[in-house]
2 protein chains.
Amino acid sequence: MAPRIWTAALVVIGDEILSGRTQDKNIAQLATWLNAQGIRLAEVRVVPDQQAAIVEAVNVLRARNDYCFTTGGIGPTHDDITVDAIAAALGVPVVVHAEARAALADYYASKGGLTEARLRMARVPDGADLIVNRMSGAPGIRWGNIFILAGVPHIAAGMLDALTGTLEGGLPVVSRTIGCWVAESEIADLLGETERAHDGVSIGSYPFFREGRVGANFVVRATDAAQVDRVTAVLADGLEARGFEAVDGGI
Amino acid sequence: MAPRIWTAALVVIGDEILSGRTQDKNIAQLATWLNAQGIRLAEVRVVPDQQAAIVEAVNVLRARNDYCFTTGGIGPTHDDITVDAIAAALGVPVVVHAEARAALADYYASKGGLTEARLRMARVPDGADLIVNRMSGAPGIRWGNIFILAGVPHIAAGMLDALTGTLEGGLPVVSRTIGCWVAESEIADLLGETERAHDGVSIGSYPFFREGRVGANFVVRATDAAQVDRVTAVLADGLEARGFEAVDGGI
């Protein structure tokens, strides 16, 4: 029986990503963290700071994935509308979470105390739990299979750290990379044949141009580490038989 | 009358982005290029190398935006399925484009000639035009309002260069950034009031932590450059009145 595959989706909320002002780092960060939990990142949507767009994305993605993460829009300013939008998506009211309020009062005790703006960060969709934030005032929020994280990557990282080991997942995907100074078009048939001959294995081909030469990295992925090793060896042999030398670990 | 807003969406196609192996750079690159064309990037989806996922994303996004871009999956290997998926989305057959075939034959003349794998890169959805690729063999493809670009960022950049000035757009969005050593929670009311008082202006607030201090950059955006300057001045005055010094251009 094929092992159950656990999937997650991510909704990146933020005009700053769509304007090109800010380079997103949360997609790669979440993907890497999910791999270690045995969960596959299946889909990402980047949406603007608009309630209708957030509602649509969250409702579609939470229904068809085991987990749905969001990043961004949980700060104290007028453009931070994630909590309100997700409460609307869920059809529940927004409430002040007592524990979040206490944590914020504590955090801001030496910084002028709680204000109306700062209290915004204690608001959650009714029924939510908090995700610890050791870096700054605003906690992350969990509601069912939805995980609401900060947009600032190192704060999101801290929240993921707090979640490590708490989500059910399957077998982590293992990968090995082979690099080769070869145009991928020269060995496309070898790649396709090798993938088709090994159930449950995917082989990705990622070309590059470096030092004035073309090359490619081939990434063998599966949940069975021994199978990944075997297929990597098959591929390396195939490359060598055609006169190309594979470099384990990639170029 | 409010000026017409032109929108584009992007479908990033690639298991390598969803696995965390590769850091996407095409979102920010396309967003920046679109701004200069007077087109707003309204939505992004990152989907795996699976036909059904590509078909769904392309069909939804091309219908509700003026333009729909894709990046990735147009190379010669088995995991390059973008052309087939988009042809399926459009309900048209895949054909070999004579001009693309000629360009590839030329490009590979000194590199072993055309092979079956390389010919894959001349395949297009029936009715497509080519987008020039000066960097490597595979051209980009235009079909209606769909623009199929390479996944490798510098090749995608060359294709965007070839498209510069050819797409109808509106007024470019102009932005100015003010930086300030202030916790955004301290001036959240000022930001919200200033935005609400100026129709057509959006103000984004992007906190940071640097040199052991908290600060934020405030980005004023609108299509009217004079209005952006006025609102930036209003915001700077407001910050100064509260004892914070604004730094034009950001921190």
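Residues numbered from 1 in each chain as written. Chains lettered and ligands numbered in written order. Predicted model: local features only at pLDDT ≥ 70, side-chain atom pairs only at ≥ 80, totals over all residues. Heavy atoms only, no water.

(A) Spatial organisation of the packing of aromatic side chains. Inspection of the entire model under this criterion finds twelve aromatic pairs over all chains. Between the aromatic rings of Tyr67 of chain A and Phe147 of chain A, the centroid separation amounts to 6.1 Å while the plane-to-plane angle is 65°, which identifies the pairing as edge-to-face. You can see Tyr67 of chain A sitting in strand β3 (residues 67-71) and its partner Phe147 of chain A sitting in strand β8 (residues 146-149), a full 80 residues away along the chain. On the basis of relative accessible area, Tyr67 of chain A is assigned to the buried category, the value being 7%. On the basis of relative accessible area, Phe147 of chain A is assigned to the buried category, the value being 0%. Measuring from ring centre to ring centre gives 4.9 Å for Phe69 of chain B and Phe147 of chain B, while their planes differ by 20°; the resulting arrangement is stacked. Taken together, the positions of Phe69 of chain B in strand β3 (residues 67-71) and Phe147 of chain B in strand β8 (residues 146-149) put the pair 78 residues apart, joining distant regions of the chain. (Phe/Tyr/Trp six-rings, centres within 6.5 Å; stacked < 30°, edge-to-face > 60°. Helix = DSSP H or I, 4+ residues; strand = E, 2+ residues; numbered from the N terminus. Buried < 20%, exposed > 50% of the residue type's maximum accessible area, 1.4 Å probe, protein only.)

(B) Seen up close, the relation of the copies chain A and chain B. Structural alignment of chain A on chain B gives an RMSD of 0.0 Å, achieved by rotating through 180° and translating 0.0 Å along the axis. Put plainly, the chains are arranged around a two-fold axis. Minimal C-alpha separation from the rotation axis in chain A is found for Arg45 of chain A, amounting to 2.2 Å. Most of the interface of chain A is mirrored in chain B: 100% of its interface residues are interface residues there too. (Least-squares fit on C-alpha atoms with pLDDT ≥ 70 in both. Contact = heavy atoms within 4.5 Å.)

(C) A look at the UniProt feature "domain: MoaB/Mog" (unreviewed entry) in chain A. According to UniProt, the "domain: MoaB/Mog" (unreviewed entry) feature falls on residues 9-171 of chain A. Across residues 9-171 of chain A, helical content stands at 39% and strand content at 22%; the span's end C-alpha atoms are separated by 18 Å. (UniProt positions renumbered as here; feature names shortened; annotations may be inferred.)

(D) Spotlight on the packing of helix α8 (residues 188-196) of chain B against helix α9 (residues 225-241) of chain B. All names here are of chain B. It is the contact of α8 with α9, at a shortest axis distance of 11 Å, that shows an interaxial angle of 155°. Judged by the angle between their axes, α8 and α9 are roughly antiparallel. Between α8 and α9 lies a crossing whose hand is right-handed. In contact with Leu190, Leu191 and Thr194 of α8, α9 contributes Val231, Val234, Leu235, Gly238 and Leu239. (Axes fitted to C-alpha atoms, helices over the stretch in contact; angles between N-to-C directions. Parallel < 35°, antiparallel > 145°, perpendicular 65-115°, else oblique. Left-handed = near helix turned anticlockwise from the far one by under 90°.)

(E) The arrangement of the interface of chain A and chain B in detail. At the interface, 57 residues of chain A touch 57 residues of chain B. Our enumeration of links across chain A and chain B arrives at five salt bridges. For the salt bridge of Arg45 of chain B with Glu56 of chain A, the shortest nitrogen-to-oxygen distance reads 3.7 Å. In this structure, the connection of chain A to chain B is made through 18 residue pairs in polar contact (both at pLDDT 80 or more). Within the side of chain A that touches chain B, the residues separate by chemical class into 24 nonpolar, 17 polar and 16 charged. Sheet topology note: the strand β2 (residues 39-47) of chain A/strand β2 (residues 39-47) of chain B ladder contains three bridges and is antiparallel. When the bridges of β2 of chain B are listed, Arg45 of chain A appears paired with Arg45 of chain B. (Salt bridge = Lys/Arg side-chain N within 4 Å of Asp/Glu carboxyl O. Polar contact = N/O pair within 3.5 Å; in protein donor to acceptor, adjacent residues only side chain to side chain. Nonpolar A, V, L, I, M, F, W, Y, C, P; charged D, E, K, R; others polar. Pairing = 2+ DSSP bridges.)

(F) Structural context of helix α3 (residues 51-64) of chain B. Residues and elements named next belong to chain B. Look at α3: 20 Å from first C-alpha to last across 14 residues, which is about the 20 Å you get at 1.5 Å a residue. Among the residues making up α3, those that are buried are Ile54, Val55, Ala57, Val58 and Leu61. Where α3 is buried, its residues meet β1 (6-13), β2, β3, α4 (82-90) and β8. (Expected span 1.5 Å × (residues − 1).)

(G) Up close: the domain arrangement of chain A. What the domain assignment lists for chain A is domain 1 (6-163) and domain 2 (174-248). In this structure, domain 1 of chain A and domain 2 of chain A have C-alpha centres spaced 38 Å apart. (Domains from an automatic or database assignment.)

(H) Main features of helix α2 (residues 26-37) of chain A. Residue and element names in this part refer to chain A. Here α2 is twelve residues long and its end C-alpha atoms lie 16 Å apart, about the 16 Å a rise of 1.5 Å per residue gives. Buried within α2 we find Asn26, Ile27, Ala28, Leu30, Ala31, Trp33, Leu34 and Gln37. Of the residues trailing α2, Gly38 is marked for its positive phi of about 75°.

(I) Spotlight on the sheet that holds strand β7 (residues 140-143) of chain B. Read from one edge of the open sheet, twelve strands run β6(A)-β7(A)-β8(A)-β3(A)-β1(A)-β2(A)-β2(B)-β1(B)-β3(B)-β8(B)-β7(B)-β6(B), paired in mixed fashion. Each edge of the open sheet is held by one strand with a lone partner, namely β6 (129-131) of chain A together with β6 (129-131) of chain B. Across the sheet, the mean angle from the axis of one strand to that of its neighbour is 20°, orientation sign disregarded. Where strand β1 (residues 6-13) of chain A lies against β2 of chain A, eight bridges are found, and the strand directions are parallel. Across the sheet, the residue bridging to Ile13 of chain A is Val47 of chain A, located in β2 of chain A. The sheet contacts of helix α7 (residues 153-163) of chain A involve β3, β6, β7 (140-143) and β8 of chain A, and relative to β8 of chain A the element is tilted by about 145°. Sitting on the sheet, α3 of chain B is in contact with β2 of chain A together with β1, β2, β3 and β8 of chain B, with an inclination near 165° to β2 of chain B.

(J) Highlighting the packing of helix α3 (residues 51-64) of chain A against helix α4 (residues 82-90) of chain A. Residue and element names in this part refer to chain A. α4 packs onto α3 with a crossing angle of 55° between their chain directions and a minimal axis gap of 9 Å. As judged from the angle between their axes, α3 and α4 are oblique. Pair α3 / α4 crosses with right-handed handedness. Residues Gln51, Ile54, Val55, Val58, Asn59 and Arg62 of α3 form the contact with α4, whose own contacting residues are Asp84, Ala85, Ile86, Ala88, Ala89 and Leu90. When its residues are assigned to classes, the contact of α3 with α4 shows eight nonpolar, two polar and two charged.

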